[in-house]
Amino acid sequence: MAIRRICVDEVTTLSTTFSETITCANPAFTPVGPGKVCNAVLYNVGVNLDSTPMTLSFSFDAQFEYEYEHEGSIFRDYCNSVGNSGFIALPGGTTLCPGATAPEVKSSVSCDPENITTTPTLVSGVVNMAFTITNLCTSAIICVNDSPCP
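Residues numbered from 1 in each chain as written. Predicted model: local features only at pLDDT ≥ 70, side-chain atom pairs only at ≥ 80, totals over all residues. Heavy atoms only, no water.

Draft legend 1. Seen up close, the sheet that holds strand E2 (residues 31–48). Strand order in this open sheet of three strands is E2-E3-E4, and the pairing throughout is antiparallel. Edge positions in the sheet fall to E2 and strand E4 (73–89), since each of these pairs with one other strand and no more. Strand-to-strand twist in this sheet, taken as the mean axis angle between neighbours without regard to direction, amounts to 15°. Judged from the twelve bridges that link them, E2 and strand E3 (residues 55–70) form a sheet pairing that is antiparallel. The partner of Tyr43 across the bridge, within E3, is Ser59. (Pairing = 2+ DSSP bridges. Helix = DSSP H or I, 4+ residues; strand = E, 2+ residues; numbered from the N terminus. Axes fitted to C-alpha atoms, helices over the stretch in contact; angles between N-to-C directions.)

As structure tokens, this is what we get:
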């Protein structure tokens with residue numbers, strides 16, 4: 001009896017993360033310590049179907065609060081880092097499913113104010129992003145024992 005190999009496309013969902021330390025090099029005042037607030041936004045999220053391997057690309061902005069001293073008092077200001085971008089290569093063999101319109105991407109972004117750091121010239125923080133991509137396919141092989149049916 002022969003073993004038959006059948007090649008199929010298996011619908012798959014990919015989950016991936018991306019973290020980056022963002023440094024804001026132009027604070028308006030001389031930082032003396034980290035603040036207690038950070039904000040981040042994620043946009044222009046999309047899958048590039050024409051690249052090999054396919055890639056997930058995105059843009060993001062971040063804002064980190066910091067403390068500075070003025071006339072003996074502590075004030076707070078924000079340092080903004082806008083226009084950041086990134087990409088993640090998707091696993092090889094990942095394709096658009098036949099008949100599917102486009103992959104769907106769900107994403108989230110966060111930052112932790114506890115991770116804000118400062119020097120007299122810089123304000124830095126970590127931005128974390130999570131992505132879930134659906135409507136993708138990967139090749140799979142199904143092996144079947146070729147035997148007569150009862």
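Draft legend 2. Just the pairing of strand E8 (residues 123–145), in detail. Of the pairings in the sheet, the one linking strand E1 (residues 3–24) to E8 comprises 21 bridges and is antiparallel in character. Across the sheet, Val11 pairs through a bridge with Cys137, a residue of E8. Strand direction decides the pairing type here: strand E5 (residues 94–96) and E8, joined by three bridges, are antiparallel. By the bridge assignment, Thr94 is partnered in E8 with Thr138. Note: strand E6 (residues 104–111) against E8, eight bridges, orientation antiparallel. Residue pairing across strands places Glu104 opposite Thr134, the latter belonging to E8. Bridging between strand E7 (residues 117–118) and E8 involves two bridges; their strand directions are antiparallel. Opposite Thr117, over in E8, you have Ser124 as the bridge partner. Counting the residues in the hairpin turn of E7 and E8 gives four residues.

Draft legend 3. Fine view of the nonpolar core. In this structure, Leu56, Phe58, Phe60, Phe64, Leu90, Met129 and Phe131 are the most contacted members of the largest nonpolar core, which totals 26 residues. Looking at this core, the elements that each hand over two or more residues are E1, E2, E3, E4 and E8. Among the elements that line this core, the one with the most residues is E3, at seven residues. (Core = buried A, V, L, I, M, F, W, Y, C linked by side-chain atoms within 4.5 Å. Buried < 20%, exposed > 50% of the residue type's maximum accessible area, 1.4 Å probe, protein only.)

Draft legend 4. Layout of the pattern of salt bridges. The tally for this structure, following the rule as stated, stands at two salt bridges. A salt bridge links Glu65 to Arg76, with the nearest nitrogen and oxygen atoms 4.0 Å apart. On the criterion of sequence distance, the pair formed by Glu65 in strand E3 and Arg76 in strand E4 is long-range, its members being eleven residues apart. In this structure, Glu67 and Arg76 form a salt bridge, with 3.0 Å as the shortest nitrogen-oxygen distance. (Salt bridge = Lys/Arg side-chain N within 4 Å of Asp/Glu carboxyl O.)

Draft legend 5. Region of interest: the environment of Leu122. By secondary structure assignment, the location of Leu122 is in the loop between E7 and E8. Owing to a relative accessible area of 29%, Leu122 belongs among the partly exposed residues under this scheme. When the C-alpha atoms of Leu122 and Val41 are compared, they prove to be 21 Å apart, with 81 residues separating the residues in sequence. Those residues in contact with Leu122, other than ones at most four positions away along the chain, are Thr23, Cys24, Ala25, Pro27, Pro31 and Thr117. (Contact = heavy atoms within 4.5 Å.)

As far as function goes, none of this settles anything; it's purely spatial.
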